[in-house]
Amino acid sequence: MASPRVKPRLLSRGRRAGAVLLKVKPIKAAGNGGPTFNRLTVVWVQSNGVPFDTTGFFARLYRGNTLVQTAAFDRFGVVRFSRVSTLTNVSYTIRVFDSSGVQFRSRNIPAGVETFAVIG
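No experiment lies behind these values; they were computed from the predicted model shown. (Residues numbered from 1 in each chain as written. Predicted model: local features only at pLDDT ≥ 70, side-chain atom pairs only at ≥ 80, totals over all residues. Heavy atoms only, no water.)

Asker: Any details on unusual backbone geometry? Residues and values, ideally.
Answerer: The omega angle of the peptide bond from T86 to L87 is -5 degrees, so this bond is cis rather than trans. Examined against the element boundaries, L87 turns out to sit in the loop between strand 5 (78-85) and strand 6 (92-97). (Helix = DSSP H or I, 4+ residues; strand = E, 2+ residues; numbered from the N terminus.)

Asker: Any chance you could break down the side chain of T86 for me, citing the residues and the numbers?
Answerer: Turning to its location among the elements, T86 is positioned in the loop between strand 5 and strand 6. The class of T86 is buried, set by a relative accessible area of 12%. A polar contact is formed between the side chain of T86 and the backbone oxygen of F37, at a distance of 2.3 Å. Setting aside anything within four residues of it in sequence, one finds T86 in contact with P35, F37, N38, R39, L40, V113 and E114. (Buried < 20%, exposed > 50% of the residue type's maximum accessible area, 1.4 Å probe, protein only. Polar contact = N/O pair within 3.5 Å; in protein donor to acceptor, adjacent residues only side chain to side chain. Contact = heavy atoms within 4.5 Å.)

Asker: Account for the nonpolar core, with residues named and values stated.
Answerer: Judged by nonpolar contacts, the single largest core of 20 residues is most densely connected at V42, W44, L61, F81, I94 and I109. Contributions of two or more residues to this core are made by strand 2 (39-45), strand 3 (58-63), strand 5, strand 6, strand 7 (103-109) and strand 8 (113-119). If we ignore the near neighbours within four places in the chain, the residues touching W44 are P8, P51, F52, T54, F57, F73, G77, V96, F104, R105, V118 and G120. (Core = buried A, V, L, I, M, F, W, Y, C linked by side-chain atoms within 4.5 Å.)

Asker: Could you give an account of the pairing of strand 6, naming the residues involved and the relevant values?
Answerer: In terms of residue burial, strand 6 counts as a mostly covered element, since 5 of its 6 residues are buried. Taken together, the 5 bridges between strand 3 and strand 6 define a ladder with antiparallel strand orientation. Pairing of A59 across the sheet is with V96, part of strand 6. Taken together, the 6 bridges between strand 6 and strand 7 define a ladder with antiparallel strand orientation. Looking at strand 7, one finds that Y92 is bridged to I109. Count of turn residues in the strand 6/strand 7 antiparallel hairpin: 5 residues, of which G101 carries a positive phi of about 90 degrees. (Pairing = 2+ DSSP bridges.)

Asker: So what about the sheet that holds strand 6? Which residues, and what values?
Answerer: Ordered by their spatial adjacency, 4 strands build an open sheet running 4-3-6-7, and the pairing between neighbours is antiparallel. Each edge of the open sheet is held by one strand with a lone partner, namely strand 4 (66-72) and strand 7. When the angles between neighbouring strand axes are averaged without regard to direction, this sheet yields 20 degrees. (Axes fitted to C-alpha atoms, helices over the stretch in contact; angles between N-to-C directions.)

Asker: How would you summarise the environment of V6 if you had to cite specific residues and measurements?
Answerer: Here V6 is to be found in the segment before strand 1 (19-23). Along the sequence, V6 and T54 sit 48 residues apart, while their C-alpha atoms lie 8.6 Å from each other. Excluding its chain neighbours within four sequence positions, the residues that come into contact with V6 are Q46, F52 and D53.

Structure, rendered in structure tokens:
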């Protein structure tokens, strides 16, 4: 039986977690020389790996203090930043908000990734 998807809880500022799901060095492969994901994709999951129900949530991606893009999460905990190609060559900061504008999480995304997971 699958675990139910739940809405995320607001954490205190002291608790932080995030993980790089897929960090690869580009290699010349037969037939496929590029990344699996062509745009930066972020997944928001519970500590057991089940995605949150993120209906109404959105994320803002920053490079330093400059806003790069704002994008909405789908209901399965996934947000895709169409303006950021992969593998990323710079680090970013992602900030996750609910529909009321309350910030739930803030994480640093390192350079060289295609997909990033916000855990918790």
